[in-house]
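Residues per chain are reported as follows:
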Amino acid sequence: MGKCTGKVVIFMRWSRAWWIAVILLVFSGLAFVLLTENVAISGSSTALAESGWRANFSAPLDADAIEKGAVYLTDTNGQKLELDMQLANGGRTLEVPAIASGDYRLHVTKAALSNSFLKSLSTNQIEFTIQDEVQSLAGEEELRTYFTRLLKLQKDNPFYRGFGEGVEEAEDSASGEANGIGGGGDHSSTNNQVEGIDEGDIVQTDGDYLYSVSESRVVISDIRDPENMELASVVKFDGETYPEKLFLSDGTLAVISSRFSLMETDDEAEMESFMPYSGLTVVSLYDVSSPDNPKLIREFGNEGSFNNARLSNGVLHYVSNVFPNYWILEEQPDIELRPRLFDSNKNEEFEPLSYEDLTILPGTMEGSYSVITSLNLETPASNEISTKGFLGGNEQLYMSEQSLYLTASAFETAEGEFGDTSLWVPQQADTEIFKFGLDGIAVEFVASARVRGSLLNQFSMDEFDGHFRLATTEGAAWEPASEPKNHLFILDGQLEQVGSVEDLAPSERIYSVRFMGSRAYMVTFRETDPLFAIDVSDPAAPEVLGELKIPGFSNYLHPLDENHLIGFGYETRIEPVKGGGEPRIVTGGMKLSLFDVSDMSNPKETDTEIIGGPGTYSALQYDHKALFRHEQQSLFGFPVSIYDGDGMEYIEFQAEGALLYSITPQGIELAADLTQASDQPYEDWNTSVQRMAYAKDALYTVANAEIKSYRLSDFESLGSLPMQ
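If you're wondering where the values come from, they're calculated on a predicted model, not measured in any experiment.

**Student:** For the overall build of the protein chain, give the residues involved together with the corresponding values.
**Tutor:** For the protein chain, the helix and strand inventory stands at two helices and 55 strands. Within the span of the protein chain, comprising 724 residues, buried residues form 56% of the whole. Residue pairs in contact within the protein chain that sit at least 24 positions apart in sequence constitute 57% of those at least 6 positions apart. With the model as given, the accessible surface of the protein chain reaches about 30,500 Å², and the carbon-plus-sulfur share is 47%.

**Student:** With reference to specific residues and values, describe the nonpolar core.
**Tutor:** Nonpolar side chains in soluble globular proteins tend to be buried together. Ile372, Ile433, Phe436, Phe468, Leu470, Leu491 and Leu495 are the most contacted members of the largest nonpolar core, which totals 29 residues. Elements represented by at least two residues in this core include exactly strand 31 (396-399), strand 32 (403-418), strand 33 (421-439), strand 34 (442-451), strand 36 (467-474) and strand 37 (485-491). With five residues, the single largest contributor to this core is strand 34. The residues touching Leu491, leaving out its near neighbours within four places in the chain, are Ile433, Ala449, Gly466, His467, Phe468, Leu470, Glu496, Gln497 and Val498. One finds Val39, Trp53, Leu94 and Ile130 within the second-largest nonpolar core, a separate group that totals 26 residues.

**Student:** Give a description of unusual backbone geometry that names residues and reports values.
**Tutor:** The backbone of Asp250 sits at a positive phi, close to 50°, despite the residue not being glycine. Residue placement: Asp250 occurs in the loop between strand 20 (241-249) and strand 21 (252-262). Look at Ser507: it is not a glycine, yet its phi comes out positive at around 80°. Residue placement: Ser507 occurs in the loop between strand 38 (497-504) and strand 39 (509-516).

**Student:** Lay out the pattern of salt bridges in plain terms, naming residues and giving numbers.
**Tutor:** Under the definition given, this model contains 22 salt bridges. Here Asp201 and Arg691 are joined by a salt bridge, their closest N and O atoms 2.8 Å apart. Highlighted residues: Asp201 in the loop between helix 1 (140-156) and strand 16 (203-205) and Arg691 in strand 52 (residues 689-695), separated in sequence by 490 residues. Each member of the pair, Asp201 as well as Arg691, is classed as buried. With a closest N to O distance of 3.7 Å, Arg450 and Glu432 form a salt bridge.

**Student:** Describe the sheet that holds strand 24 (residues 305-312), listing the residues and the values that go with them.
**Tutor:** Read from one edge of the open sheet, five strands run 24-25-29-30-28, paired in mixed fashion. Each edge of the open sheet is held by one strand with a lone partner, namely strand 24 and strand 28 (358-360). Taking the axes of each pair of neighbouring strands and ignoring which way they run, one obtains an average angle of 20° across the sheet. As judged from the three bridges shared by strand 28 and strand 30 (residues 385-391), these two strands associate in the parallel manner. Paired with Leu358 across the two strands is Gly389, which belongs to strand 30.

**Student:** I'd like a description of a negative patch on the surface, backed by residues and values.
**Tutor:** On the surface, a cluster of negative charge is contributed by Glu50, Asp132, Glu133 and Glu496. Relative to the helices and strands, Glu50 resides in the loop between strand 7 (46-48) and strand 8 (53-57).

**Student:** Can you lay out the sheet that holds strand 19 (residues 230-236) for me, pointing to particular residues and giving the numbers?
**Tutor:** In space, the four strands of this open sheet follow the order 16-17-18-19, with antiparallel pairing throughout. Each end of this open sheet is capped by a strand with a single partner; those strands are strand 16 and strand 19. Shown here is a sheet whose adjacent strand axes are inclined to one another by a mean of 20°, direction ignored. Alignment of strand 18 (residues 217-222) against strand 19, held across six bridges, turns out to be antiparallel. When the bridges of strand 19 are listed, Ile220 appears paired with Ser233.

**Student:** An account of the packing of aromatic side chains is requested, with residue identities and associated values reported.
**Tutor:** Aromatic ring pairs are defined here through the distance separating the ring centres and the angle between the ring planes. Applying the stated criterion to the full structure yields 24 aromatic pairs. Above the ring of Tyr72, the side-chain terminus of Lys80 is found at 4.6 Å from the ring centroid. Between Arg338 and the ring centre of Tyr355, over which it is positioned, the NZ or CZ distance is 4.2 Å.

**Student:** Please set out the pairing of strand 25 (residues 315-322) residue by residue, giving values where relevant.
**Tutor:** Here strand 25 lies mainly inside the structure; eight of its eight residues are buried. Burial of the side chains of strand 25 extends over both faces: Val315, His317, Val319 and Asn321 are buried on one face and Leu316, Tyr318, Ser320 and Val322 on the other. Inspection of the sheet shows strand 24 paired to strand 25 by seven bridges, in the antiparallel sense. Looking at strand 25, one finds that Arg310 is bridged to His317. Linking two consecutive strands that pair antiparallel, namely strand 24 and strand 25, is a turn of two residues; a positive phi of about 55° is found at Asn313 within it. Pairing analysis gives eight bridges linking strand 25 to strand 29 (residues 369-376), with the strands arranged antiparallel. Across the sheet, the residue bridging to Tyr318 is Thr373, located in strand 29.

**Student:** With reference to specific residues and values, describe the side chain of Asp357.
**Tutor:** Mapped onto the fold, Asp357 is located in the loop between strand 27 (351-352) and strand 28. A residue is classified by how much of its surface remains accessible, and Asp357, at 19% relative accessible area, is buried. Reaching out from Asp357, the side chain makes a polar contact with the side chain of Lys388 at a distance of 3.1 Å. If we ignore the near neighbours within four places in the chain, the residues touching Asp357 are Thr387, Lys388 and Gly389.

**Student:** Pulling in residues and values, what's your account of the pairing of strand 30?
**Tutor:** Burial within strand 30 is extensive, with five of its seven residues counted as buried. As defined by bridge partners, strand 29 adjoins strand 30 across seven bridges and the pair is classed as antiparallel. Paired with Tyr369 across the two strands is Leu391, which belongs to strand 30.

**Student:** Summarise the side chain of Ser214; cite the residues concerned and give the values.
**Tutor:** One can find Ser214 in strand 17 (residues 209-214). A distance of 2.8 Å separates a polar side-chain atom of Ser214 from the backbone oxygen of Asn704. Apart from residues lying up to four places away in sequence, Ser214 is in contact with Val219, Asn704 and Gln724.

**Student:** Go over the environment of Leu545 with me, naming the residues and quoting the values.
**Tutor:** With respect to the helices, strands and loops of the structure, Leu545 is situated in strand 42 (residues 543-550). Not counting residues up to four positions away in its chain, the partners in contact with Leu545 are Ala533, Ile534, Asp535, Met600 and Ser601.

**Student:** So what's going on with the environment of Ile490? Which residues, and what values?
**Tutor:** Summarising the element assignment, Ile490 is placed in strand 37. Classification of Ile490 by relative accessible area gives buried; the value is 1%. Once the C-alpha coordinates of Ile490 and His467 are considered, the two residues, 23 residues apart in sequence, prove to be 6.6 Å apart. Residues within four places of Ile490 in sequence aside, it is in contact with His467, Phe468, Arg469, Glu496, Gln497, Val498, Gly499, Val536, Pro539 and Pro542.

Calculation criteria
- Residues numbered from 1 in each chain as written.
- Predicted model: local features only at pLDDT ≥ 70, side-chain atom pairs only at ≥ 80, totals over all residues.
- Heavy atoms only, no water.
- Helix = DSSP H or I, 4+ residues; strand = E, 2+ residues; numbered from the N terminus.
- Buried < 20%, exposed > 50% of the residue type's maximum accessible area, 1.4 Å probe, protein only.
- Contact = heavy atoms within 4.5 Å.
- Areas by Shrake-Rupley, 256 points an atom, 1.4 Å probe, with all protein chains shown as cover.
- Core = buried A, V, L, I, M, F, W, Y, C linked by side-chain atoms within 4.5 Å.
- Salt bridge = Lys/Arg side-chain N within 4 Å of Asp/Glu carboxyl O.
- Pairing = 2+ DSSP bridges.
- Axes fitted to C-alpha atoms, helices over the stretch in contact; angles between N-to-C directions.
- Patch = residues over 30% accessible without salt bridge, like charges linked within 9 Å, V, L, I, M, F, W, Y side chains within 5 Å.
- Lys, Arg positive; Asp, Glu negative; His and termini not counted.
- Charge placed at Lys NZ, Arg CZ, Asp CG, Glu CD.
- Phe/Tyr/Trp six-rings, centres within 6.5 Å; stacked < 30°, edge-to-face > 60°.
- Lys NZ or Arg CZ within 6 Å of the ring centre and 35° of its normal.
- Polar contact = N/O pair within 3.5 Å; in protein donor to acceptor, adjacent residues only side chain to side chain.

Here's what the structure looks like:
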């Protein structure tokens with residue numbers, strides 16, 4: 001790899017009306033030069049009649065372009081159509097809200113362009129199809145046409161980006177009165193979002209054995225005697241396989257891994273055309289009825305990167321993103337564009353997904369698939385595996401018993417201004433939502449929608465009483481002139497909007513959301529932490545009832561009961577800037593807050609706890625599954641690394657381990673400090689606690705290299721088990 005020269009962007013500018021932006025991007029020794037004179041058009045190849053159709057332009061069209069006939073549609077016979085069309089987003093988006101099923105062509109003449117003397121169209125026609133319902137691909141020709149068109153779009157506009165590209169999920173919201181709290185039996189359970197929907201985790205326990213991920217291994221530990229713990233067995237994977245999720249279901253351990261291995265192909269030219277490594281999502285099923293002798297009973301998976309998974313009523317669903325090598329279509333027109341699967345029951349050979357199992361998600365023009373795979377774990381060795389591929393990316397996932405929702409960011413590109421320099425920058429992201437119905441292992445597309453703004457994480461979504469609710473922030477963080485604002489949308493079963501609360505907390509962004517049945521809570525932040533209490537009992541008329549402003553912010557909200565919330569986040573303080581100017585916000589220690597929301601019109605912070613100083617953090621602040629709960633004893637715990645300092649010039653590592661609190665409506669009280677002081681400059685990954693669990697009368701902390709046990713009644717140390 002070459003070294004970055006440090007010169008990232010070079011601009012040439014003649015005048016405000018006539019400019020040519022030259023962007024020189026240097027990354028790993030590679031340089032790209034783009035002249036931004038052309039106006040590119042992008043639009044999905046298919047859409048549903050009930051949702052209409054839209055096209056996006058990289059520069060605004062003239063406000064009168066439709067009226068003067070410079071933008072119009074024709075049918076398959078070339079007949080010009082009189083349809084209701086309008087320009088939105090400052091002339092950068094064409095919307096056709098009502099259109100019957102059929103094949104159409106969009107025409108855009110040069111007269112449609114603002115400053116048409118100075119700009120040109122990279123293409124002036126787009127063909128698209130409107131369907132009454134989503135349909136499986138007709139065959140190879142339709143799929144190849146889709147990717148050929150996408151390739152042309154990206155050549156015409158190198159900044160073109162379709163919908164989601166599969167980022168690692170920052171994990172999702174609770175439905176019902178206080179769903180997903182768990183931790184009420186004789187052993188721990190994962191802190192799931194929705195009651196009855198298991199999200200899997202890096203640690204699982206059945207009360208007698210503890211299953212944990214340790215690098216490229218899954219370690220099974222016998223914890224029946226917490227004073228004398230033993231290694232029961234170790235499931236080893238090769239160095240290219242990394243377990244990410246564990247599920248336990250009636251004696252079956254499902255290990256979902258990301259595997260990176262040499263691409264298998266007989267075509268040497270194909271091998272040389274792209275990176276020699278390809279990511280796989282692999283599910284390994286083990287019979288752990290005898291935990292000291294786990295037996296691999298089946299292994300299956302597909303090309304692509306793992307996104308997330310859920311287990312409900314014995315059925316495992318996982319979602320992955322698959323990126324075919326369509327960019328080499330011109331050199332190799334026969335390249336396989338379908339996702340490839342394997343199943344050890346079929347001699348582990350890779351086979352492409354059949355065309356009848358592939359669908360283009362309406363409204364998308366994306367170079368990746370969302371692949372949904374389902375299997376009933378009751379008889380895992382022989383049950384049928386269902387795999388469906390949907391052209392369109394995915395980022396966040398929400399699942400109830402009947403429905404699975406995928407969301408993806410929909411970016412638009414347009415001219416932007418930074419000081420006196422013009423360039424093309426991505427505009428703010430909207431959110432595309434795709435709903436799928438679940439019936440056993442059958443997964444069927446139901447509806448799609450688009451809302452303004454982007455999601456923070458899975459806690460921004462929730463399904464309740466037949467309605468889907470989501471909270472978004474509108475406004476791009478990278479746009480200097482963009483002022484964020486926040487919205488809450490409520491959609492019906494077909495994802496039609498029925499109600500909303502819009503333009504909350506201008507200039508602030510959402511930091512956490514929690515839905516609790518007929519209530520919703522939202523934290524935004526810029527200088528203080530407003531907690532909004534929102535009544536969503538009437539889907540058509542949600543209403544903000546109360547607002548609480550306090551220092552700091554919560555980036556995870558957890559229901560204690562129907563009238564109390566626990567906030568996990570950070571304290572902050574405002575530091576004045578020498579010589580004036582906007583004050584600086586300095587993040588301090590980790591903050592626990594207890595909120596009383598019994599009176600929605602007057603939410604209160606009734607207790608707080610500050611842990612450490614600047615630099616202190618917990619895995620809980622980015623992964624809700626790191627929260628330990630024990631309902632009977634009102635205990636809440638989490639891993640923590642404690643630092644101190646002034647937050648401006650220095651921070652100093654002090655201790656690592658775990659903290660345990662008793663949290664009741666009456667307040668927050670430290671129950672146990674399981675941290676260890678250190679004179680090292682930073683924490684040790686091998687001994688840093690990743691999770692906490694309990695079984696019967698013992699508490700366990702789990703790190704990569706060791707498990708420690710404590711008596712649950714008084715937290716006295718009982719034993720330690722090395723795992724390396």
